[in-house]
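# Notes for the structure review
What follows is each chain in one-letter form.
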Amino acid sequence: MPATLHSYNTGHYFSASARVFGWITTALAVTMIVNGSVAAYAFLPTVIITQFAHYRTEFDLAQMTYREGVRFAGITFGKMLPLAGIDFLFLKKNNYKQVSESRASMSTFQFVKYDGYIKLSDNLKLHLLQRKSKEQAMQEMQQIAQDLQAELRDLTEMKMQ
């Protein structure tokens, strides 16, 4: 009997800088504990919280419901919504810009990422993944399409207007 509950991490809840801050805070807490501070124990969970909280999308095909939420400690927080149906999954190629500024200069970096989406029958579009390589994104999207028994469309070569 095929599984009816499918769950996918769709991204980190905390930014990369927040996750680095979590590691730094934890390292400082350990140092403070070694030096005798009892209050520093309160800061130890910082790295756990920042590293292990993710955005998550779940589909329950038996109950025809889905949820977009945040997953932490094995629990996904978010409201279950009715699932009208799944039209298709698709992969898009997107261009992103990042601006880096300092007092003396400003640099703009452009890069390409591949975003995977699912289009529901009620015209909702949910973001599932973002990868640097098309091959990795396509492989993961093929697995999701197989799990959800849905069509996967490659829209990476389409010209955007």
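The structure this text deals with has already been given above.
Residues numbered from 1 in each chain as written. Predicted model: local features only at pLDDT ≥ 70, side-chain atom pairs only at ≥ 80, totals over all residues. Heavy atoms only, no water.

### Remarks on the overall build of the protein chain
The number of helices and strands found in the protein chain is three helices and nine strands. The helix and strand sequence of the protein chain, counted from the amino end, reads β-α-α-β-β-β-β-β-β-β-α-β. For 161 residues, the compact-globule formula gives about 15 Å, and the C-alpha radius of gyration of the protein chain, at 20 Å, lies well above that figure. Dimensions of the protein chain, computed from C-alpha atoms along their principal axes, come out at roughly 60 × 50 × 25 Å. Looking at the protein chain as a whole, 33% of its 161 residues qualify as buried. Partitioning the intrachain contacts of the protein chain with sequence separation of at least 6 by distance along the chain shows that 47% fall at a separation of at least 24. Counting only carbon and sulfur atoms, one obtains 56% of the accessible surface of the protein chain, whose full area is about 10700 Å². (Helix = DSSP H or I, 4+ residues; strand = E, 2+ residues; numbered from the N terminus. Rg over C-alpha atoms; globule rule 2.2 N^0.38 Å. Buried < 20%, exposed > 50% of the residue type's maximum accessible area, 1.4 Å probe, protein only. Contact = heavy atoms within 4.5 Å. Areas by Shrake-Rupley, 256 points an atom, 1.4 Å probe, with all protein chains shown as cover.)

### As for the packing of aromatic side chains
All told, the structure shown has six aromatic pairs when counted by the stated rule. Between Phe-90 and Tyr-117, the aromatic rings sit 5.2 Å apart at their centres with planes inclined by 20°, giving stacked as the arrangement. Placement of the pair is Phe-90 in strand S6 (residues 86-101) and Tyr-117 in strand S7 (residues 106-120), with a sequence separation of 27 residues. The same class applies to Phe-90 as to Tyr-117, namely buried. Look at Tyr-96 and Phe-111: their rings are 6.3 Å apart centre to centre, the planes differ by 20°, and that puts the pair in the stacked class. (Phe/Tyr/Trp six-rings, centres within 6.5 Å; stacked < 30°, edge-to-face > 60°.)

### Observations concerning helix H2 (residues 45-52)
When we look at burial in H2, the residues that qualify are Thr-46, Val-47, Thr-50 and Gln-51. The buried residues of H2 all sit within an arc of 110° when viewed along its axis, so they share a single face. The secondary structure elements touched by the buried residues of H2 are strand S1 (5-12), helix H1 (16-34) and strand S2 (54-60). (Arc of directions from axis to C-beta.)

### Section: H1
With 19 residues, H1 extends 27 Å from end C-alpha to end C-alpha; this agrees with the ideal 27 Å at 1.5 Å per step. Looking only at H1, the buried set comprises Arg-19, Gly-22, Thr-25, Thr-26, Ala-29 and Ile-33. Buried positions in H1, seen along its axis, are confined to an arc of 115° and lie on one side of it. Turned more than 90 degrees off the buried face of H1, the exposed positions are Ser-17, Phe-21, Trp-23, Leu-28 and Val-34. Where the residues of H1 are buried, they touch S1 and H2. Downstream of H1 by one or two residues, Gly-36 has phi in the positive range, about 100°. (Expected span 1.5 Å × (residues − 1).)

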